[in-house]
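# Fold and contact review
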Amino acid sequence: MSIYDTLNEQQREAVFHTDGPLLILAGAGSGKTRVLTHRIAYLIEEKGVNPWNILAITFTNKAAGEMRERVDNLVGFGSESIWVSTFHSTCVRILRRHIDRLGYDNNFTIYDADDQKTLMKDVCRLIDIDTKVYKERNLLSAISSAKDELITPAEYELNAAGDYGKQKIAKVYLEYEKQLRANNALDFDDLLVKTVQLLQTQPDVLEYYQERFRYIMVDEYQDTNTVQFKFVSLLAGKYKNLCVVGDDDQSIYKFRGANIKNILNFEQEFHDAKVIKLEQNYRSTSNILNAANAVISNNVGRKDKSLWTDNGEGEKIQFRQFDTAYDEADFIAEDIRKHVKDGAAYNEHAILYRTNAQSRLFEERFVAGNIPYKIVGGINFYARREIKDLLAYLKTIDNGKDDLAVRRIINVPKRGIGLTTINRVQESALEREIGFYEALQGLDLIPNIGRSAGKLDSFVALMEYFKGFAAKETLSDLMKEIIEKTGYVENLEAEDKEDAQSRIENIEELQSKIAAYEESCADMDEKPTLSGFLEEVALVADIDSLDEEQDYVILMTLHSAKGLEFPHVYLAGMEDGLFPSYMTITSDDNEDLEEERRLCYVGITRAEKDLTVSCARRRMIRGETQYNKMSRFLKEIPTELMETGAAFEEEVEMPTQNAYFQAKQVFKQKAFSTGKTAKQFTVTKEKGLDYTIGDRVKHMKFGEGLVTDITEGGRDYEVTVQFDTAGVKKMFASFARLQKV
DNA sequence: TGCTGGTGGATTTTT
DNA sequence: TCCACCAGCA
């Protein structure tokens, strides 16, 4: 019996089809990772392919690690020379070797979202863009989309002809690129873009990698964007042994440029492509799978497929509606505790939600209830202030051209170097077209620097000292030396006590991450380098730190959950306005809502044994209470698959409730209004509000709606309005500026 | 130069 | 609710 006997017919077909383009349409839980790992094993063992010639691209580092491990178990040896990594890591590795061909230094730095924003601010100041009109975020996302589509600044400008706004963006884009280059830095999108440029312009480099990667596999193919597709096509251009695995129903990154056409048009792009569908689900019970199928069937324009399972029916899907989000968190915590009491492990439970902000309530509840948990996502560890500060030191030491890093730390900890001084240095650098740090090294050339010169001098001396230190000593020692000589931790201690402690702990964690990096280099016989560490840091996602061995409840967004599975899954916050989000409900592009639905599909299909879906009637969002209806996606799940739970039965709000129904309620209330309500009327009238309960009003942002309640709240009146499209909102009269219609 | 407090704006999802 | 920015003062 061979390892391939355990596969089903389609899976085997996919494994044995090794030459030529192959598209595997793998439904959720259909064993695609199994197929990929067995395929790699088959290539090595049966086809005699050198592991060195195999490239496998995954979505996260975690997935890459798992794939390597599983291949390891199958083939015994050689798996370490397979190149398994994410798109971004793959590109960085290529660029580190060859980017000098494009005029960058090979030790370029990678800018994260924070750095991008800082740089964008500079750019806008430089070319006189009013950031109140053109927001940094919007500019960056426009540029990012352009890069995803491989549009250069020059091309952008051409396309912008006649469009004033676009012309502005084109100018910004051009300058932004210029600044990145001056800083010898690349942003995330650049990693892909520059690699593609490199392969397109340097035939020998292309040839080298085409020869090297004779067999290429891409996981989560539905989430690739245009650059990523171009990258893969270039690499596979010679041997055409490209195998992509994806599921159009699980495409959830359109907002990031993922191009679903990559999957829908694969067959056109690669003419003799073979297509194999994996439709048997091994993960979930049939109740769960049927629910998922029912939801996703509401999307139009998907590749036809029907997922089935011969797993049993299993438990019904539990549906609970609560008054408040607190109740929801309470219930879920209690439910998990019950399961654990009955012998389940914490880590068999995952709570999935739409937005990171929702994690807070659960966290509070779990801390109080002493339930071990792990939140994935939110603020990235490496995005924390103290970590970024220390990394900026490393970046400055590593790449003197990274102005952003230098400017970040020049006065951190405080050295009495103020904004005026920094600006003078900056101006002088700009005039002479040199870097910021370079300008610092020739202080006598900077006018009006006067009293600050001494301070700047000693800063430069310190950095030069670190550079010398870095050349001789290990990374760990360098970090220790930086903390010591700058007095960073001491300063923290002297500051406020409140979060200083956790910041110091983070710094300790950073130090152990450095040590871990050095160790892993030693394992692989590589030399630990500063750039290497910085790069590792730049490309990790929070999900990579998820450890299946640890026994904790896992909390994360639906996006992070892609590719994972858990016995017990809770989908929390299933409310219209939250999930699907307000943005997509009001969007006029139906595609947006479909993407949310796919996200829901992803969520449901994470569950193996039980699925609990829940929502709250009332929820605090950004400090204001919102009243939401249950999610429209819940209504798409056939009721016979669901169970509402005896204790909560009477609380369940039936999907019949709509604006009309609520309006009727209000009129009833009004007709039988007690003295109290009557009094409210008079009070509001005194105040000069020209609307009362039952009136229709208009809001600047939310449109028209019906006033359902007015209560006295301190110095203002709290008005509850049922909007036609935006749902129920509670707001203060003086802010809301409602107009009677 | 640096701190403080007030104000206004904002949030979807992330390699 | 939280964060970034700005004005005003030490």
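Residues numbered from 1 in each chain as written. Chains lettered and ligands numbered in written order. Predicted model: local features only at pLDDT ≥ 70, side-chain atom pairs only at ≥ 80, totals over all residues. Heavy atoms only, no water.

An unreviewed UniProt entry lists chain A under the name ATP-dependent DNA helicase, with Faecalicatena faecalis as the source organism. What UniProt states about chain A under its Sequence similarities (unreviewed entry) heading is, verbatim, "Belongs to the helicase family. UvrD subfamily." (UniProt positions renumbered as here; feature names shortened; annotations may be inferred.)

With that out of the way, let us pick up the packing of aromatic side chains. Enumeration according to the criterion identifies 21 aromatic pairs in this entry. Centroid distance Tyr4 to Tyr42: 5.4 Å. Interplanar angle 90 degrees. Geometry classified as edge-to-face. With Tyr4 in the segment before helix H1 (9–16) and Tyr42 in helix H2 (residues 32–45), the pair connects residues that are 38 residues apart, well separated along the chain. Residue classification places Tyr42 among the buried residues on the basis of a relative accessible area of 16%. Seen from their ring centres, Phe229 and Phe270 are 6.5 Å apart, and the 80 degrees between their planes marks the pair as edge-to-face. Taken together, the residues Phe229 in helix H11 (residues 226–236) and Phe270 in the loop between helix H13 (266–269) and strand E8 (274–278) connect sequence positions 41 residues apart. We note that Phe229, like Phe270, is buried. (Phe/Tyr/Trp six-rings, centres within 6.5 Å; stacked < 30°, edge-to-face > 60°. Helix = DSSP H or I, 4+ residues; strand = E, 2+ residues; numbered from the N terminus. Buried < 20%, exposed > 50% of the residue type's maximum accessible area, 1.4 Å probe, protein only.)

Quick look at helix H19 (residues 419–431) now. Between its first and last C-alpha atoms H19 spans 18 Å; for 13 residues at 1.5 Å apiece the expected length is 18 Å, and the two agree. Against helix H18 (403–409), helix H20 (436–441) and helix H21 (453–472) lie the buried residues of H19. Immediately beyond the C-terminal end of H19, within one or two residues, lies Glu433, with a positive phi of roughly 55 degrees. (Expected span 1.5 Å × (residues − 1). Contact = heavy atoms within 4.5 Å.)

Turning to the packing of helix H6 (residues 136–148) against helix H8 (residues 164–182), a few remarks are in order. Axis separation between H6 and H8 bottoms out at 10 Å; the angle between their running directions is 80 degrees. Comparing the axis directions of H6 and H8 gives the class roughly perpendicular. Here Leu139, Leu140, Ala142, Ile143, Ala146 and Lys147 of H6 lie close against H8, whose contacting residues are Ile169, Val172, Tyr173, Tyr176, Glu177 and Leu180. Residue composition of the contact of H6 with H8, grouped by class: 10 nonpolar, no polar and two charged. (Axes fitted to C-alpha atoms, helices over the stretch in contact; angles between N-to-C directions. Parallel < 35°, antiparallel > 145°, perpendicular 65-115°, else oblique. Nonpolar A, V, L, I, M, F, W, Y, C, P; charged D, E, K, R; others polar.)

This part covers the protein's contact with DNA strand B. Residues in close proximity to DNA strand B total 24 residues, the closest being His88, Arg256, Arg354, Thr420 and Thr421. Across the atoms of DNA strand B situated within 4 Å of the protein, the share located in sugar and phosphate is 65%. Separating a base oxygen of DNA strand B from a side-chain N or O atom of His88 is a distance of 2.6 Å. Here a phosphate oxygen of DNA strand B sits 3.1 Å away from a polar atom, N or O, in the side chain of Lys135. (Near = heavy atom within 4 Å. Polar contact = N/O pair within 3.5 Å; in protein donor to acceptor, adjacent residues only side chain to side chain.)

Turning our attention to unusual backbone geometry. Cis geometry is adopted by the peptide bond preceding Pro580, which originates at Phe579 and carries an omega value of 5 degrees. Here Pro580 is to be found in the loop between strand E13 (566–571) and helix H27 (582–586). Residues other than glycine seldom take positive phi values, yet Asp128 does so here, at roughly 60 degrees. You can see Asp128 is positioned in the loop between helix H5 (113–126) and H6. Of note, the phi angle at Asn370 is positive, near 60 degrees, even though the residue is not glycine. Tracing the backbone through its elements, the reader meets Asn370 in the loop between helix H16 (359–369) and strand E11 (373–375). Overall, the relative accessible area of 67% leaves Asn370 in the exposed class.

Turning next to the UniProt feature "domain: UvrD-like helicase ATP-binding" (unreviewed entry) in chain A. Cross-referencing UniProt, the feature "domain: UvrD-like helicase ATP-binding" (unreviewed entry) maps to residues 5–285 in the present numbering. Between the first and last C-alpha atoms of residues 5–285 the distance is 24 Å; the span itself is 52% helix and 12% strand.

Moving on, we get to the packing of helix H17 (residues 385–398) against helix H22 (residues 475–486). Running from N to C, H17 and H22 cross one another at 110 degrees; their axes reach a closest spacing of 11 Å. With respect to H22, the element H17 is oriented roughly perpendicular. Read as a crossing pair, H17 and H22 show a hand that is right-handed. Contacts between H17 and H22 involve Leu390, Tyr393, Leu394 and Ile397 from the former and Leu478, Met479, Ile482, Ile483 and Thr486 from the latter. Classifying every residue of the contact of H17 with H22 by side-chain character gives eight nonpolar, one polar and no charged. (Left-handed = near helix turned anticlockwise from the far one by under 90°.)

With five of its five residues buried, strand E2 (residues 54–58) lies for the most part within the structure. Where burial is concerned, the two faces of E2 agree: the one with Ile54, Ala56 and Thr58 and the one with Leu55 and Ile57 are both buried. As defined by bridge partners, E2 adjoins strand E6 (residues 215–218) across four bridges and the pair is classed as parallel. By the bridge assignment, Ile54 is partnered in E6 with Tyr215. Here E2 pairs with strand E3 (residues 83–86) via four bridges, running parallel. The residue bridging Thr58 from the neighbouring strand is Thr86, located in E3. Once the chain exits E2 it traverses helix H3 (residues 61–75) before rejoining the sheet at E3, and the crossover so formed is right-handed. (Pairing = 2+ DSSP bridges. Right-handed = clockwise from strand over helix to strand, strands pointing away.)

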